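Remarks on the overall topology
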Amino acid sequence: RGSWMTRLKSGLRKTGSSIATVFTGTKIDEQLYEELEEALLMADTGVKATQHLLDDLKQRVKDSKTTDPAAVKGLLADALADLLAPLEKPLVIGEHSPTVIMVAGVNGAGKTTSIGKLTKHLADAGQSVLLAAADTFRAAAREQLGVWATRNTVEIISQEGGDPAAVSFDAVTAGKARNKDVVLVDTAGRLPTQLHLMEELKKIKRVVTKADGTAPHEVLLVIDGNTGQNALNQVRAFDDALQLTGLIVTKLDGTAKGGVLAAIAQERPIPVYFIGVGEKVEDLETFSAKEFAQALLT
Ligand code: GDP
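Residues numbered from 1 in each chain as written. Predicted model: local features only at pLDDT ≥ 70, side-chain atom pairs only at ≥ 80, totals over all residues. Heavy atoms only, no water.

**Some remarks on the overall build of the protein chain**
Along the backbone of the protein chain there are 12 helices and eight strands. Compactness check: the protein chain gives a C-alpha radius of gyration of 21 Å against a globular reference of 19 Å for 298 residues, within 12% of the reference. C-alpha extents for the protein chain along the principal axes are approximately 65 × 40 × 30 Å. By residue count, 53% of the 298 residues in the protein chain fall in the buried class. (Helix = DSSP H or I, 4+ residues; strand = E, 2+ residues; numbered from the N terminus. Rg over C-alpha atoms; globule rule 2.2 N^0.38 Å. Buried < 20%, exposed > 50% of the residue type's maximum accessible area, 1.4 Å probe, protein only.)

This is the structure in structure tokens:
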């Protein structure tokens, strides 16, 4: 665990260093709070979460009676950890057989990589996994998912040029018949122009429910932590359309916009099941509010 914290810490350095400089002065005054406000906004914390953190921090400073700016940084870490705490929730597998997990995300967010990482994570934990290649529009997506399936020796339902909803239906049906623990449905992140992504995803969700009345059990969105407020906009749009149950936030190993997690906590506190901290298959970690706040602010 030590190494990924180091990676997260150095990855968040771009975000953290601009915030840290605020606390290098000698006085706790209005100027410090103004500079902090600016640094938080620059880190894509968003107006509401920034205001919340500043109000909370001022109260903590008052209660602690400290006069040392360096101590304020620690208090900010506490305030941030409290704000992020609702995002900390484990992905539970085993309540359904199989647990059907639909995964969405715009192209480039790191969806395919994250599904590969998640497949390995689940397989390592002894879960039997079936992959569904429901991004039938992009040949490369299907191929890439096939590579992950082979590498982890898990089965895959994939059909060249097939209908995404039909592939998803078949996968859930096969998952039940073959007694799989988990069915992971990879969906498209972009469609050929005339088609509407959200309608396509809603259709997949409906059809999955037809195959199994309680499914999907999880609807995850993969977002690129490096895209800040853009990622928050994606959370809003996908949540409105699909009622998300969880997030995977990628690329936290090199972002100046790590504040976006606070913005998400403030506006759409959807659990962050995993964070991506690198391109390698083992670079997937469970999210801890306290560790994240510490990595950012120490
Ligand atoms: P997709 O289009 O959403 O399926 O995105 P991909 O999974 O193909 O990932 C896009 C790029 O982001 C690839 O070069 C990945 O290696 C990279 N990537 C994905 N997750 C992470 C991460 O957590 N950290 C870093 N540094 N790169 C990542």
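**What to know about the pattern of salt bridges**
Following the criterion strictly, the structure yields 14 salt bridges and no others. In this structure, Glu-199 and Lys-202 form a salt bridge, with 3.6 Å as the shortest nitrogen-oxygen distance. Here Lys-202 and Glu-199 lie together in helix α9 (residues 197–211), a separation of three residues that amounts to about one turn. Residue classification places Glu-199 among the partly exposed residues on the basis of a relative accessible area of 45%. On the accessibility criterion, Lys-202 (30% relative accessible area) is partly exposed. Several salt bridges share partner residues, and in doing so they unite Asp-56, Arg-60 and Asp-82 into one network. (Salt bridge = Lys/Arg side-chain N within 4 Å of Asp/Glu carboxyl O.)

**Notes on the sheet that holds strand β6 (residues 246–250)**
Strand order across the open sheet formed by eight strands is β3-β2-β4-β1-β5-β6-β7-β8, with mixed pairing between neighbours. At either margin of the open sheet sits one strand with a lone partner, and together these are β3 (155–157) and β8 (284–286). Neighbour to neighbour, the strand axes of the sheet diverge by 25° on average, direction disregarded. For strand β2 (residues 129–133) and strand β4 (residues 182–186), the ladder comprises five bridges, and the chain directions are parallel. Counted as the bridge partner of Leu-131 is Leu-184 from β4. This element, helix α7 (residues 139–151), spans β2, β3 and β4 of the sheet and lies at about 170° to β2. The strands touched by helix α8 (residues 164–177) within the sheet are β1 (99–104), β2, β3 and β4, with β2 carrying the most contacts at an inclination of about 170°. (Pairing = 2+ DSSP bridges. Axes fitted to C-alpha atoms, helices over the stretch in contact; angles between N-to-C directions. Contact = heavy atoms within 4.5 Å.)

**Observations regarding the nonpolar core**
Counting 80 residues, the largest nonpolar core has Leu-8, Leu-36, Leu-84, Leu-261, Ile-275, Phe-287 and Phe-292 as its most contacted members. With nine residues, the top contributor of residues to this core is helix α5 (residues 69–84). When sequence neighbours within four positions are dropped, the list of residues in contact with Leu-261 reads Leu-84, Leu-87, Val-249, Leu-252, Val-272, Phe-287 and Phe-292. Ile-93, Leu-118, Leu-122 and Val-222 belong to the second-largest nonpolar core, a separate cluster that totals 22 residues. (Core = buried A, V, L, I, M, F, W, Y, C linked by side-chain atoms within 4.5 Å.)

**What about the pairing of β1?**
Counting buried residues along β1, six of its six residues qualify, which places the element largely inside the surrounding structure. Residues Thr-99, Ile-101 and Val-103 of β1 are buried on one face, and the alternating residues Val-100, Met-102 and Ala-104, pointing to the opposite face, are buried as well. As paired strands, β1 and β4 are joined by five bridges and run parallel to one another. The partner of Val-100 across the bridge, within β4, is Val-183. By the bridge criterion, four bridges tie β1 to strand β5 (residues 218–224) in an arrangement that is parallel. Counterpart to Met-102 in the pairing with β5 is Val-219.

**Some thoughts on the confidence of the model for the protein chain**
Across the protein chain, the average pLDDT comes to 94, with 99% of residues at or above 70. In the predicted complex, the global pTM is 0.96; the interface-specific ipTM is 0.99. (pLDDT = per-residue confidence, 0-100.)

**Some points on the site of the ligand**
Neighbouring residues of the ligand: 17 residues in total, closest Gly-108, Lys-111, Thr-112, Thr-113 and Glu-279. One of the backbone nitrogen or oxygen atoms of Gly-276 is found 3.3 Å away from an oxygen atom of the ligand. The backbone of Gly-278 places a nitrogen or oxygen atom 3.3 Å from an oxygen atom of the ligand. Alone, the ligand offers 580 Å² of accessible surface; in the complex the protein occludes 76% of this. Within the shell around the ligand, the residues separate by chemical class into three nonpolar, eight polar and six charged. (Near = heavy atom within 4 Å. Polar contact = N/O pair within 3.5 Å; in protein donor to acceptor, adjacent residues only side chain to side chain. Areas by Shrake-Rupley, 256 points an atom, 1.4 Å probe, with all protein chains shown as cover. Nonpolar A, V, L, I, M, F, W, Y, C, P; charged D, E, K, R; others polar.)

**Looking at the packing of aromatic side chains**
We describe a pair of aromatic rings using the distance from one ring centre to the other and the angle between the two ring planes. This model, assessed by the stated rule, comprises one aromatic pair. Note on Phe-287 and Phe-292: the rings are 5.8 Å apart at their centroids and 55° apart in plane angle, and the pair reads as tilted. Summarising the burial analysis for this pair, Phe-287 and Phe-292 share the class buried. The ring of Tyr-33 is capped by Lys-58, whose NZ or CZ atom sits 4.9 Å from the centre of that ring. One Lys or Arg, Arg-151, reaches over the ring of Trp-148 and ends 4.7 Å from the middle of that ring. (Phe/Tyr/Trp six-rings, centres within 6.5 Å; stacked < 30°, edge-to-face > 60°. Lys NZ or Arg CZ within 6 Å of the ring centre and 35° of its normal.)

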